[in-house]
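# Understanding the architecture of this molecule
Listed below, chain by chain, are the residues.
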Amino acid sequence: MTQTEIHLHQSTTLTPEQYVAGLTDFGPGRSKLFGNSTDEYLKVHHLDQSEADVTEGSGGIWERLHYDWSDPNHVVLTTTDSNVWGGASGHTYNFTRHPNGTTDIDVDVVRNGKNLKGHLLGFVLRTIGRSVLRKAFENSVKAIEVRNGAVQR
């Protein structure tokens, strides 16, 4: 199984709490914040104060994720089921606050294809797809900034 690992970085005027509030908003219209999570795929199986079990996706690709935001500076999304991803797939968000009021968000995305489609998608992500993920991440940060009335960079 070939593993794809992608690191993304963005600075923002959001606090970690503001970004996490957007990340864990599983209500209708989630795709306005996260383009790869459309309402037709979204199903919340369990939700409490610091964790959730959610199925989401778009375009024929879905995954069930366990969200854990019990540490506000380290949020882990673990793939528990998917039609294309398996193994150690998921996302890890790390937040670093700065004295000037900005926050650095670092995201590590891990993808292990579990079938032919997953292996092909992993290859695409390793090659030309990295920029697509980067743009989607940047768009999510901007959308949450707008939602919070934060000063955009």
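Look up a bit, the structure's there.
Just so you know, these numbers come straight off a predicted model, no measurement behind them. Throughout, a residue's number is its position along its own chain's written sequence, starting from 1. Totals for whole chains, interfaces and linings use every residue, but because this is a predicted model, local features are given only for residues with pLDDT of at least 70 and side-chain atom pairs only at 80 or more, for both listing and counting. Neither water nor hydrogens contribute to the side-chain values; these are computed over all heavy atoms in the structure.

Here a helix means four or more residues in a row that DSSP labels H or I, a strand means two or more in a row labelled E, and each is numbered from the N terminus. A helix is expected to reach a length of 1.5 Å times the quantity of its residues less one. With 33 residues, helix H2 (residues 116-148) extends only 40 Å from end C-alpha to end C-alpha; this falls clearly short of the ideal 48 Å at 1.5 Å per step. The angle between axes fitted to the seven-residue stretch ending at a residue and the seven-residue stretch beginning at it gives the bend at that residue. Along H2, the sharpest kink reaches roughly 85°, centred on Gly129. All of the buried residues along H2 are Gly118, Gly122, Leu125, Gly129, Leu133, Phe137, Ser140, Val141, Ala143, Ile144 and Glu145. Summarising the contacts, the buried residues of H2 are in contact with strand S1 (3-12), helix H1 (16-23), strand S6 (85-97) and strand S7 (103-113). The opening residue of H2, the one whose side-chain oxygen lies 3.3 Å from the backbone nitrogen of Lys117, is Asn115. Just beyond H2, the residue with positive phi is Gly149, at close to 65°. For every residue, the accessible area (1.4 Å probe, protein chains only) is compared with the maximum for its type, and the residue is labelled buried under 20%, exposed over 50%, or partly exposed between those bounds. Two residues qualify as a contact provided that any one of their heavy atoms is within 4.5 Å of a heavy atom in the partner residue. Whenever a nitrogen or oxygen atom comes within 3.5 Å of another N or O atom, the pair is scored as a polar contact, on the condition that within protein one atom can donate a hydrogen and the other can accept it, and that pairs from neighbouring residues in sequence are kept only if both atoms are in side chains.

The next point concerns the sheet that holds strand S5 (residues 74-82). Judged by pairing direction, the sheet is antiparallel, and its seven strands sit side by side in the order S1-S7-S6-S5-S4-S3-S2 without closing on themselves. Of all strands in the sheet, those bounded by a partner on one side alone are S1 and strand S2 (43-47). Across the sheet, the mean angle separating the axes of adjacent strands is 20° when strand polarity is ignored. Sheet topology note: the strand S3 (residues 51-58)/strand S4 (residues 61-71) ladder contains eight bridges and is antiparallel. Bridge assignment links Glu56 to a residue of S4, and that residue is Glu63. Orientation is described by axes fitted as lines to C-alpha atoms, over the contacting stretch for helices, and by angles from 0 to 180 degrees between their N-to-C directions. Sheet contacts for H1: S4, S5, S6 and S7; angle to S6, the most-contacted strand, approximately 150°. At least two bridges found by DSSP between two strands are what make those strands a pair.

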